[in-house]
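Commentary on secondary and tertiary structure
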There are 4 protein chains.
Amino acid sequence: MNDPRRGRPRDESCGPAILAAAIELVGEVGIAALTMDAVAARAGVGKATIYRRWSSKEALMLDAWKSAVQKPDAPDTGSLREDLRVLFAPHDQQLSGETMQRIFPQMIAAAKVNPEVGEAYREFIAERRRPMRTVLERAVGRGDLPADSDLDLVHDLLVAPILYRWMVSDGVVDDDVIERLIAIVVAGATSNLTTARR
Amino acid sequence: MNDPRRGRPRDESCGPAILAAAIELVGEVGIAALTMDAVAARAGVGKATIYRRWSSKEALMLDAWKSAVQKPDAPDTGSLREDLRVLFAPHDQQLSGETMQRIFPQMIAAAKVNPEVGEAYREFIAERRRPMRTVLERAVGRGDLPADSDLDLVHDLLVAPILYRWMVSDGVVDDDVIERLIAIVVAGATSNLTTARR
Amino acid sequence: MNDPRRGRPRDESCGPAILAAAIELVGEVGIAALTMDAVAARAGVGKATIYRRWSSKEALMLDAWKSAVQKPDAPDTGSLREDLRVLFAPHDQQLSGETMQRIFPQMIAAAKVNPEVGEAYREFIAERRRPMRTVLERAVGRGDLPADSDLDLVHDLLVAPILYRWMVSDGVVDDDVIERLIAIVVAGATSNLTTARR
Amino acid sequence: MNDPRRGRPRDESCGPAILAAAIELVGEVGIAALTMDAVAARAGVGKATIYRRWSSKEALMLDAWKSAVQKPDAPDTGSLREDLRVLFAPHDQQLSGETMQRIFPQMIAAAKVNPEVGEAYREFIAERRRPMRTVLERAVGRGDLPADSDLDLVHDLLVAPILYRWMVSDGVVDDDVIERLIAIVVAGATSNLTTARR
DNA sequence: TATTAAGCGAGACGGTACGTCACGTCTTAGG
DNA sequence: CCTAAGACGTGACGTACCGTCTCGCTTAATA
């Protein structure tokens, strides 16, 4: 009776079609005007088919967003600054789009309200942090950063200003800014080694 | 015909009552479950009275939020680090609440969609940036920071990690973290003076 | 203190202006879409000025209607049929308009709901019945109708079909119809004298 | 795409439940105080489910009214007067209620404003006229009425006074009145045969 | 002449209902 | 058991009108 192999198997093409429709529609009408009915119609799918795969609109949007943002690998050039440059480069292309700037705040808000989305959101964030964490740990190993560095803080100092400009202040984010950002943080974290903890 | 003195003047007590009701309700039921009907009922006001003052739910929430966050003054202790400590101190109390952490992302999202909210949002952000900007400019004047510093970037380096931890990563924000944050950024920005731009 | 002569006297031109505006608007937008705001705007009058004179929208509309329909006098040509022709003639012009056909049902409905309107409505109806009643009583006096006639019923037989065609069936009402109507009712009421009550 | 068999079929029990709720509520609170929300709540139905079936409050009320008034059959006793007595008898019970007296004027008014309601209203009236029309035509066939009678007028002479007393004048409608009404109209229409058209 | 009380146009007020929309679920026929 | 289609109950939306209530200003009769 409860044999999962009984009955018609799930159509594997539905999931991707739904995600694609969701991404398209967010780009077209914005995230606030996005409706499940529209996603279903665009994907040529019934609403029940969406809800069989995602528990809520927010869960779907979170997945749509994840599917649109590829996960970067940790580079290993031997130089902290160079590693950071590599890490930041794709950021520029992937997340800077209008769509992503609008989705991110919504995701944060949804994560605070819907526990299920919150869990998925935290996993997503942890995953995104890992490559830079690896880069920073290697830098500590090489002595490029002090052994007692607060790597979480250094990470946030590198990443947060970019997100801040995207989401909060509409500030400029270009190669030059990223270069200066790296310069200041690396210098500050390094000088910490000799002076600040005194 | 359009004489603003004609007709019954708007009840000056309604606006604050509505804002207060909105803030209360956000605290009680969360921002997602907030309804205009509930705000009107709580404020003892008709819905039309709200829409006469705010064009949308988001515009109301933005104002409610602004009214709940006081504007800080620029301190002038003669020391950059001390000025920053003073600036960060109240941040901790005002914005760290659950309510604010949930409202901020919503506001950002709303600002991207609703142009009217966007305008008010940008004003709010500009106003919030000004005190720290003043502090940083005084530091440049005293020679505590290089004359060619990118003050916008320094500002973002100081502010963004706090917001990031509140909104994105649920990271710790306490006096110790703020102390280390100030240390790294000031050190980085200062070392910039002698080394990085060379 | 309560001397009605104290204070600014009512502007005598307001009442007629309001009634005129109401009649105009009913003709333009229909009775269902009529609003007090529109009447006030059209009459160049504040809403309070209307409510100072009429207790409700329905009361106003009843008066507007009464003011648009003049009260007929009882003719006295010496012939029942001729008297009736005279009585019906203006009916055709006054009440047959689209406006009146739409207002009458509303008035009836309002009279069933609002007691104050009901009272005014009953007075209006009684007043409208009086001339024909007089004509019929004179006919009885002349022996044109049996002495034991049910004059209320004869009245209703004469008047009701006209209203019925206006309000219920959208039937034809022209001189020819009225002529035949009078012929049948007078003949029926007269024959009643010699045969029916036997 | 527009296959009516696709999708969940409409719940056949909703329509009658809504009509029943509407009729109940009209009886309880009157037609003016009837709200769609109340009908929906009473029927245990969403408002959208009502609007999926009726385009407006008036259209719903017209149907509710039609469903509450059964359609009479044309009797065939061989006598015109007896046929008319039979036709009038149920009238007394069905339409004389407070509810119907209040609904009818509203329906007339709605029919003048809303074209869709107007169409349904005219169908309803035509259907209600048919039995008496049949009775009158049979009377002509038997020679009980002149061959050149204006049957529409005779019909209106029989029906209109009853409606008039219900709706306009609050006059008495009992068996005695109906008897006299029939007597006068039949006598008048018959005498027409020999005298009036001369 | 100054006071005063009510009427005036304008329009904001607390309510209430409107008709629409989206949510997430449920119910068909068919694959 | 899945699928597309679409109806379902729920509940918020933003609008429109109701009849009432201020405003600042006339407009006479009273003092």
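Each chain carries its own residue numbering, running from 1 in the written order of its sequence. As a convention, the first chain written is A and the first ligand written is 1, with the rest following in written order. At least 70 in pLDDT is required for a residue's local features to be given in this predicted model, at least 80 for side-chain atom pairs to be given and counted, and no such filter applies to totals for whole chains, interfaces and linings, which use all residues. By convention in this description, side-chain values take in all heavy atoms of the structure and omit both hydrogens and water.

**Thoughts on the protein's contact with DNA strand E**
Here a residue is near a molecule or strand as soon as one of its heavy atoms is found within 4 Å of it. Around DNA strand E, the structure places 46 residues, and the nearest of them are A:Tyr51, B:Arg52, B:Arg53, C:Thr49 and D:Tyr51. Considering DNA strand E, the proportion of its atoms within 4 Å of the protein that are sugar or phosphate atoms stands at 67%. Two N or O atoms count as a polar contact when they lie within 3.5 Å, although within protein this holds only if one can serve as hydrogen donor and the other as acceptor, and sequence-adjacent residues are included solely when both atoms are side-chain atoms. Within the backbone of C:Gly44, one N or O atom sits 3.0 Å away from a phosphate oxygen of DNA strand E. Contact between DNA strand E and D:Arg8: a base oxygen at 2.9 Å from a side-chain N or O atom of the residue. Segments assigned H or I by DSSP are reported as helices when at least four residues long, segments assigned E as strands when at least two residues long, and all are numbered from the N terminus. Contributing elements (two or more residues each) for the surface near DNA strand E: helix H2 (36-43) and helix H3 (47-51) of chain A, helix H3 (47-53) of chain B together with helix H2 (36-43) and helix H3 (47-53) of chain D. The residue inventory of the surface near DNA strand E, partitioned by class, reads 14 nonpolar, eleven polar and 21 charged. Note that Gly is not counted as nonpolar here; it falls among the polar residues with everything else outside the nonpolar set of Ala, Val, Leu, Ile, Met, Phe, Trp, Tyr, Cys and Pro and the charged set of Asp, Glu, Lys and Arg.

**Brief notes about the interface of chain B and chain A**
Listed by partner, the interface residues are 45 residues for chain B and 44 residues for chain A. Each of two parts loses accessible area, computed with a 1.4 Å probe, when they are put together; buried area is these two losses added. Looking at the side of chain B facing chain A, the largest losses of area belong to B:Lys112, B:Tyr164 and B:Ile184, adding up to 19% of the total buried there. Any carboxyl oxygen of Asp or Glu within 4 Å of a side-chain nitrogen of Lys or Arg constitutes a salt bridge here. Inspection of the chain B/chain A interface yields four salt bridges. A salt bridge links A:Arg180 to B:Asp150, with the nearest nitrogen and oxygen atoms 2.7 Å apart. Elements with a contribution of two residues or more to the side of chain B that touches chain A: helix H6 (98-113), helix H7 (115-142), helix H8 (151-169) and helix H9 (175-196) of chain B. We call two residues contacting when some pair of their heavy atoms lies within 4.5 Å.

**Quick look at the relation of the copies chain B and chain A**
For this overlay, a least-squares fit was computed on C-alpha atoms, restricted to residues scoring pLDDT of at least 70 in both copies. Between chain B and chain A, which share one sequence, the superposing operator has a rotation angle of 179° and an axial displacement of 0.0 Å; the RMSD is 0.4 Å. Read as a symmetry element, the transformation amounts to a two-fold axis. Nearest to the rotation axis, the C-alpha of B:Gly188 is located 1.9 Å from it, this being the minimum over chain B. Interface residue correspondence from chain B to chain A reaches 98%, placing this contact among same-surface, isologous pairings.

**Some thoughts on the relation of the copies chain C and chain D**
Between the two copies, chain C and chain D, the superposition gives an RMSD of 0.4 Å; the rotation angle is 178° and the shift along the axis is 0.1 Å. Looking at the interface residues of chain C, 100% of them are also at the interface in chain D, so both copies use one shared face.

**Details of the protein's contact with DNA strand F**
Neighbouring DNA strand F are 49 residues, the closest being A:Arg52, B:Tyr51, C:Tyr51, D:Arg52 and D:Arg53. Here, DNA strand F places atoms within 4 Å of the protein, and 72% of those atoms are sugar or phosphate. In the environment of DNA strand F, a phosphate oxygen lies 2.9 Å from a nitrogen or oxygen atom belonging to the backbone of A:Gly46. Contacts to DNA strand F include D:Gly7, whose backbone N or O atom sits 3.4 Å from a base nitrogen. Counting residues per element, the ones that place at least two in the surface near DNA strand F are helix H2 (36-43) and H3 of chain B, helix H2 (36-43) and helix H3 (47-51) of chain C together with H3 of chain D. For the surface near DNA strand F, the element with the most residues is H3(D), which contributes four residues. Here the residues of the surface near DNA strand F are counted per class, giving 14 nonpolar, eleven polar and 24 charged.

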